[in-house]
Amino acid sequence: AAPGVLSRFRGALVGSVLGDCIGGEFEGAVDVPLDRVLQHLSALEDETRGDGILQYSDDTAMMRCVADSLLTRMAFDERDMARRFAKEYNLAPGRGYGSGVVQVLRKLASPHLKDVFQPAQAQFGGRGSFGNGGAMRAAPFALAFKSRADVCKYSRLGAMLTHSCSLGYNGAALQALAVHLSLQGALALPKEFINKLISEMEEMEKDEKAQLDAKALNLSEFPYCSRLHRVKELMDRNSVSIEEVISELGNGIAALQSVPTAIFCVLHCLEPRDGLPERFGGLERTISYSLALGGDTDTIACMAGAIAGAHYGIDSIPQSWQKSCEGVEEADDLARRLYNFYCLPQFEE
Ligand code: F2R
Ligand code: MG
Ligand code: MG
């Protein structure tokens, strides 16, 4: 039976944390043989290892700030969210943040800052960051807002606090939309799911700034749409190697090289796959496969985990995995509270 809505909400945030914690082991690795992934995962079933052994990174730290801010302010409040990012970084700077974004987080801590979007705009000589830091924390926007337009609008604004390049904030909107559609059960029809994402991104990438950024970075006119078309082509193929996925979609720290990849991981693992244990459910397959791509594994698994968790629901996630990861209970609590918030009448379309 299809999971209930609350189960999907809980699956989304718990899946996101698991991807981050479990994927952290291989972040930055060039070649990750599937054997090593399976070894890493089977160690999670070893009860002698103790609880919460795998720590979460910046992905979860910032996702929690987004969820806390939306819940406390009961709306998107850029000053509150920016303050939470800065405070969290100050409390735990060693969570593996991107080397550029730490400058933004330090500036956001200043009580004299008038425009909270300004520090992000000064990054990379004024171009802004195109990293995946906006996308990795975008899932709570899909759990807080009902309409697709609001999910897009607020996930973009939330990303712009650190990422002012359109590749960065449009990647965040794509990730939030994928979670939004998955929560609604849209992955039951995978072709329609990807077509909906393409048509949403077509609108977003028509924007003048998106066109200018794409040109300046020597990318095609509609960079996310092109990648999503490649996802569609790979979906149609009977067999796809890890090398082809990396060369067609990427596995890097840029949002363009990781958000479409995470979406592909979810779509590819809707079915059982060679090399992955038959006993694995869809969420386990998705996270394992994301790790086997190497590169930015914590973030790709975190984003894929959120989309897959929204599709399969909380009951699909093994208890042993949940117990092995730091911050799962808190994520579950945030998801329950976001569900209550989502159900409030003022959030009706
Ligand atoms: N930073 C990491 N991983 C590196 C290893 C960390 C290690 N584990 C440790 O603890 O030391 N992971 C985290 O960073 C990614 C999210 O990054 P975010 O928030 O987007 O940061 P930033 O700094 O804005 O961008 C990341 C890098 O992308 C390049 N870049 C971005 N925009 C650019 C531009 N306009 N021009 C040129 N380069 C640009 C830069 O190299 C940035 O440093 C996640 O993977 C998270 O897990
Ligand atoms: Mg990280
Ligand atoms: Mg990462």
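Higher on the page you've got the structure.
About the thresholds
Residues numbered from 1 in each chain as written. Chains lettered and ligands numbered in written order. Predicted model: local features only at pLDDT ≥ 70, side-chain atom pairs only at ≥ 80, totals over all residues. Heavy atoms only, no water. Helix = DSSP H or I, 4+ residues; strand = E, 2+ residues; numbered from the N terminus. Rg over C-alpha atoms; globule rule 2.2 N^0.38 Å. Contact = heavy atoms within 4.5 Å. Areas by Shrake-Rupley, 256 points an atom, 1.4 Å probe, with all protein chains shown as cover. Lys, Arg positive; Asp, Glu negative; His and termini not counted. Charge placed at Lys NZ, Arg CZ, Asp CG, Glu CD. Near = heavy atom within 4 Å. Polar contact = N/O pair within 3.5 Å; in protein donor to acceptor, adjacent residues only side chain to side chain. Salt bridge = Lys/Arg side-chain N within 4 Å of Asp/Glu carboxyl O. Buried < 20%, exposed > 50% of the residue type's maximum accessible area, 1.4 Å probe, protein only. Donors = N, O, S within 2.8 Å, 3.2 Å for Na, K, Ca; no water. Disulfide = S-S within 2.5 Å. Axes fitted to C-alpha atoms, helices over the stretch in contact; angles between N-to-C directions. Parallel < 35°, antiparallel > 145°, perpendicular 65-115°, else oblique. Nonpolar A, V, L, I, M, F, W, Y, C, P; charged D, E, K, R; others polar.

Draft legend 1. Focus on the overall build of the chain. Counting its secondary structure elements, the chain contains 18 helices and zero strands. A compact globule built from 349 residues would reach a C-alpha radius of gyration of about 20 Å, and the chain, at 18 Å, matches this within 12%. Long-range pairs, those at least 24 residues apart, make up 75% of the contacts in the chain with a sequence separation of at least 6. Working note: accessible area of the chain is about 14300 Å², and carbon and sulfur atoms make up 47% of it. Where the 35 positive side-chain charges of the chain centre and where its 46 negative ones centre are 6 Å apart.

Draft legend 2. Main features of the site of ligand 1. Around ligand 1 there are 23 residues in total, and Gly100, Gly128, Ser129, His163 and Asp296 lie nearest to it. Between aspartate 298 and ligand 1, the recorded distance is 3.0 Å, taken from a side-chain N or O atom to an oxygen atom. Here an oxygen atom of ligand 1 and a side-chain polar atom of threonine 299 are 3.0 Å apart. Burial of ligand 1 by the protein amounts to 70% of the accessible area it has alone, namely 920 Å². Where the shell around ligand 1 is concerned, the elements lending two or more residues are α3 (58-73) and α16 (297-312).

Draft legend 3. Up close: the pattern of salt bridges. One pass over the full model with this rule turns up 12 salt bridges. When the shortest N-O distance is used, the salt bridge between arginine 84 and aspartate 80 registers 2.7 Å. Of this pair, arginine 84 and aspartate 80 both sit in helix α4 (residues 78-91), separated by four residues, roughly a single helical turn. The buried category is assigned to aspartate 80, whose relative accessible area is 9%. In this structure, the salt-bridge partner of lysine 206 is glutamate 203, at a minimum N-O distance of 2.9 Å. In this structure glutamate 203 comes out as exposed when scored by relative accessible area, which is 51%.

Draft legend 4. View of the coordination of the magnesium ion (ligand 2). Taken together, the protein donors to the magnesium ion (ligand 2) comprise Ser57 (OG), Asp58 (OD), Asp59 (OD) and Asp298 (OD), at separations of 2.1 to 2.3 Å. Along the chain, the residues donating to the magnesium ion (ligand 2) are arranged with the sequence spacing S-D-D-x238-D. Taken as a pair, the magnesium ion (ligand 2) and the magnesium ion (ligand 3) lie 3.7 Å from each other and share aspartate 298 as a ligand. Accessibility assignment for this pair places aspartate 58 and aspartate 59 in one class, buried.

Draft legend 5. How the structure looks around the state of the cysteines. Within this structure, the stated rule accounts for zero disulfides. We note that cysteine 165 lacks a disulfide partner, and the nearest cysteine sulfur, in cysteine 225, lies 16 Å from it. Counting only cysteine sulfurs, cysteine 265 is the nearest neighbor of cysteine 269, a cysteine outside any disulfide, at a range of 6.4 Å.

Draft legend 6. The side chain of histidine 311, seen in detail. Mapping histidine 311 onto the fold places it in helix α16. With residues near it in sequence (within four places) discarded, histidine 311 still touches Pro3, Arg8, Ser182, Leu187, Ala188 and Leu270.

Draft legend 7. Fine view of the packing of helix α9 (residues 166-183) against helix α12 (residues 223-236). One way to put it is that α9 packs onto α12 with a least axis distance of 11 Å and a crossing angle of 45°. Compared by their axis directions, α9 and α12 come out oblique. Residues Leu167, Asn170, Gly171 and Leu174 of α9 lie in contact with α12, whose contacting residues are Pro223, Tyr224 and Leu228. Partitioning the contact of α9 with α12 into residue classes produces five nonpolar, two polar and no charged.

In short, geometric facts, not functional conclusions.
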